[in-house]
Amino acid sequence: MSDETTLVLGCIGGFVLLFILALVFVILRNRPFNYRKKNFENNTTLTVVANRNLYKVTVEAKFPGDNIKFERKRIRKGQAVDFTYPLSKTPAKLTIEVDSGKQKVFDV
């Protein structure tokens, strides 16, 4: 093989690898939802925005000696849901069900 052929094959291989990595990044970052958490004086507001239809969203906030649990079913694509609860140093548990029975749990 000549040097030019090796260089061309190396460039093509590099572009293919870069394309595959970009495709994997886009697929993995495409969550079915986005969330924003804002702390105010004595309250926390957690906003969940659905990127596709969600079966159920559950937020469980823990406090010393007490727990609060919020649940919302059938959230449509593009819809935003706000959960407001007292400020706590312990992270809340966000449970998302895209389909019935398939849960994903996040600490927020």
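It should be noted that the structure appears before, not after, this text.
All residue numbers here refer to positions counted from 1 along the written sequence of the relevant chain. In view of the model being predicted, local features appear only for residues whose pLDDT reaches at least 70, and side-chain atom pairs are presented and counted only at 80 or more, with totals across whole chains, interfaces and linings using the full set of residues. For the side-chain quantities, the full set of heavy atoms in the structure was used; hydrogens and water were omitted.

### Examining the sheet that holds strand 5 (residues 80–86)
Then, number 1: Should DSSP find at least two bridges between two strands, the strands are regarded as paired. Helix and strand labels come from DSSP, where a helix needs a run of H or I of at least four residues and a strand needs a run of E of at least two; each type is numbered from the N terminus. With antiparallel pairing, the three strands of this open sheet are ordered in space as 1-2-5. Looking along the sheet, the strands with just one partner apiece sit at the ends: strand 1 (33–39) and strand 5. Ignoring strand direction, the axes of neighbouring strands in this sheet form an average angle of 15°.
Then, number 2: Pairing analysis gives seven bridges linking strand 1 to strand 2 (residues 43–50), with the strands arranged antiparallel. For K37, the partnering residue across the bridge sits in strand 2 and is L46. Geometry is summarised by axes, namely lines fitted to C-alpha atoms with helices restricted to the contacting stretch, and by angles between N-to-C directions that run from 0 to 180 degrees.

### Considerations on a nonpolar patch on the surface
Then, number 1: Patch definition: residues above 30% relative accessible area lacking any salt bridge, with like charges linked at up to 9 Å and the nonpolar side chains Val, Leu, Ile, Met, Phe, Trp and Tyr linked at up to 5 Å. In this description, accessible areas are obtained by the Shrake-Rupley approach with a 1.4 Å probe, and a residue is regarded as covered only by the protein chains that are shown. Each salt bridge in this description consists of a side-chain nitrogen of Lys or Arg and a carboxyl oxygen of Asp or Glu lying within 4 Å of one another. Side chains of V8, L9, I12, V16, F19, I20, L23, V24 and I27 sit close together on the surface and give an oily, nonpolar patch of about 840 Å² of accessible area.
Then, number 2: Only protein chains enter the accessibility calculation, which uses a 1.4 Å probe; a residue is then buried when its area is under 20% of its type maximum, exposed when over 50%, and partly exposed in between. The exposure class of L23 is partly exposed, given its relative accessible area of 44%.

### Remarks on the sheet that holds strand 6 (residues 93–97)
Then, number 1: Here we have four strands laid out as an open sheet, ordered 4-3-6-7, and antiparallel in their pairing. Either end of the sheet is taken by a strand with one partner, and the two such strands are strand 4 (66–75) and strand 7 (103–107). Between one strand axis and the next, the sheet turns by 15° as a mean value, whatever way the strands run.
Then, number 2: As defined by bridge partners, strand 3 (residues 54–63) adjoins strand 6 across five bridges and the pair is classed as antiparallel. By the bridge assignment for strand 6, V59 is matched with L94.

### Observations concerning the pairing of strand 3
Within a regular strand, the side chains alternate between the two sheet faces.
Then, number 1: Burial analysis of strand 3 places seven of its ten residues in the buried class, which makes it a mostly covered element.
Then, number 2: Bridge count for strand 3 against strand 4 is nine bridges, and the pairing is antiparallel. Its bridge partner lying in strand 4, F63 is registered against D66.
Then, number 3: Here strand 3 folds back onto strand 4, and the loop between the two strands holds two residues, one of which, G65, carries a positive phi near 85°.

### Considering the nonpolar core
Then, number 1: Counting 18 residues, the largest nonpolar core has L46, V48, L54, V57, L94 and I96 as its most contacted members.
Then, number 2: Elements with a minimum of two residues in this core: strand 2, strand 3, strand 5 and strand 6.
Then, number 3: Looking at this core element by element, the count peaks at five residues for strand 3. As used here, the term nonpolar core means buried Ala, Val, Leu, Ile, Met, Phe, Trp, Tyr and Cys residues forming a set that is joined through side-chain atoms within 4.5 Å.

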